[in-house]
Amino acid sequence: MYCPIILGSDKTTVSVATGKLNITHFTSIFQGLKPNMTTPVVRQCPDGHFRRIIFGFGPFIADYPEQVMLAGMFKAGVRTFTNDFPRANIYGLLSPDILHQLIKGTFKDHLVDWVEKYLRLEHGKVRAEEIMDDIDERLAAVPLFPELRRFPHGRRFKQWTGDDSKALMKVYLPALVGYVPSEMLKCFSGFLDFCYIARRPSFTEKTLNMLENALERFHTYREIFRTSGVRPTGFSLPRQHSLPHYRFQIEEYGAPGGLCSSITESHHITTVKKPWRRSSRYEALGQMLITNQRLDKLSALRADFVKRVSSYPHQLEDLTVHIRQPMFPVLVRRFLYDQLYPESQIAPEEIHPSIARCSGKFSVVHSAVATYFAPRGAGFSRDECRPYLAFFFFTHLDKIYPCALVEWFEKVGQRPDDDTGLWIVRPDVRGIHQNLSFCYPH
């Protein structure tokens, strides 16, 4: 049985441990596997059976600077470490990197920066600053919704992380409407479609065709940045050059999400960067190991405390204050009335406070699974746009009522916006419930 080894490196991890990053390190690390790349060895597999195994190199997870170093492109005549191993070609092992090529590369370093340059060219420095301030205000005004992050100070922060870029991708496009040409909005829309399709966990021939279609739209509409003077020299950019190769690499290695450098970076931030900063910098490795041990123990202790202590009150009045929803008692009464008298036609505002009064115990479900559908796809409905604020169950007359506190939104228009490709939604503010209501969770 052939067993490919997925490789990965991070320049910070290697440099902290050894003081430098060198190709010869990889040759030394994998020297012990070299004999079993040609001679089978018997190993027990996850299914419990013993098999004869031949090892080999699989995809290599690396950022662009590391890919340059691995491929020996920084100096003529440099041998790559794969030359010392059988059936290994580094040029065929470099995998797509969603984090640095798409999220932090094409989106953050290119498109977001190009928009600001366009505004300066088109409107001048002073007016451009005013427009960027208004874009920041739009980002800060994003309504609460699952998986959407609010940017109270806009997008002007010094240190960007991958999570910052991912969160900004979801809300940045509608914030540009009215300030940039339609072609730029369609360029963003095509790229976002490409990015979100590439982040899918599985692919079919249909989704691969959708990926190529989105890339074609992105390439077509990005010409606006050339004609407007933002990129007069064109788009000879390594990270964008990698995009046309995604289909082939997906067919070779599978979904890119399983080979993204965010996997290695998320671990080395916690286990290397932060412990290194806390050390004295002298013989730091031992100090870093002790720091990681202590952090693991503190994390386990915190999980135990959370498990033992419930953070939600169980009485209606106290729970109302805790979740900061003053309409909560009214919504509970209306929900309970609907359950007790399903045939009643009384309007919500006509229910007397003494009717359907709940005096039982409330319990909040701390963990729940909900599936949300992005409003880009066909068949968008009102049910697909309802963020669950909390899941509850309470008792009334010895009967348990499971329910959910929901914030409703409704779509505007009959189709997505032509430029952004996004549905426009607004809070549903009909009746006494405003845009909050109770419902049975599905």
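Refer to the structure above for everything that follows.
Bear in mind that the values here come from a model prediction, so they are computed numbers and not experimental data.

Thresholds, definitions, all that
Residues numbered from 1 in each chain as written. Predicted model: local features only at pLDDT ≥ 70, side-chain atom pairs only at ≥ 80, totals over all residues. Heavy atoms only, no water. Helix = DSSP H or I, 4+ residues; strand = E, 2+ residues; numbered from the N terminus. Expected span 1.5 Å × (residues − 1). Bend = angle between axes of the 7 residues up to and from the residue. Axes fitted to C-alpha atoms, helices over the stretch in contact; angles between N-to-C directions. Parallel < 35°, antiparallel > 145°, perpendicular 65-115°, else oblique. Left-handed = near helix turned anticlockwise from the far one by under 90°. Contact = heavy atoms within 4.5 Å. Nonpolar A, V, L, I, M, F, W, Y, C, P; charged D, E, K, R; others polar. Patch = residues over 30% accessible without salt bridge, like charges linked within 9 Å, V, L, I, M, F, W, Y side chains within 5 Å. Areas by Shrake-Rupley, 256 points an atom, 1.4 Å probe, with all protein chains shown as cover. Salt bridge = Lys/Arg side-chain N within 4 Å of Asp/Glu carboxyl O. Buried < 20%, exposed > 50% of the residue type's maximum accessible area, 1.4 Å probe, protein only.

1. What to know about helix α5 (residues 98-140)
- Look at α5: only 26 Å from first C-alpha to last across 43 residues, short of the 63 Å you get at 1.5 Å a residue.
- Glycine 124 marks where α5 bends most, by close to 120°.

2. A closer look at the packing of helix α7 (residues 182-198) against helix α8 (residues 205-221)
- Running from amino to carboxyl end, α7 crosses α8 at an angle of 155°, the nearest separation of the two axes being 8 Å. The pairing of α7 with α8 is recorded here as roughly antiparallel in orientation. The hand of the α7/α8 crossing is left-handed. Residue-level contacts link Glu183, Lys186, Cys187, Ser189, Gly190, Phe191, Asp193, Phe194, Ile197 and Ala198 of α7 to Thr207, Met210, Leu211, Ala214, Leu215, Arg217, Phe218 and Tyr221 of α8.
- Across the contact of α7 with α8, the residue classes break down as 11 nonpolar, 3 polar and 4 charged.

3. Here we look at a nonpolar patch on the surface
- Together, Leu298, Leu301 and Phe305 make up an exposed nonpolar region whose accessible area comes to about 300 Å².
- With respect to the secondary-structure elements, leucine 301 resides in helix α13 (residues 284-308).
- A residue is classified by how much of its surface remains accessible, and leucine 301, at 41% relative accessible area, is partly exposed.

4. Focus: the pattern of salt bridges
- Scanning all chains against the criterion turns up 16 salt bridges.
- Close ionic contact of lysine 108 with aspartate 109 constitutes a salt bridge, the shortest N to O distance being 3.1 Å.
- Residue lysine 108 is classed as partly exposed on the basis of its relative accessible area of 23%.
- When its relative accessible area of 34% is taken as the criterion, aspartate 109 is described as partly exposed.
- One salt bridge in this structure joins aspartate 338 and arginine 334, with 3.4 Å as the shortest N-O distance. Here the residue aspartate 338 and the residue arginine 334 both occupy positions in helix α15 (residues 328-340), the gap between them amounting to 4 residues, near one helical turn.

Worth remembering: the numbers are spatial, not functional.
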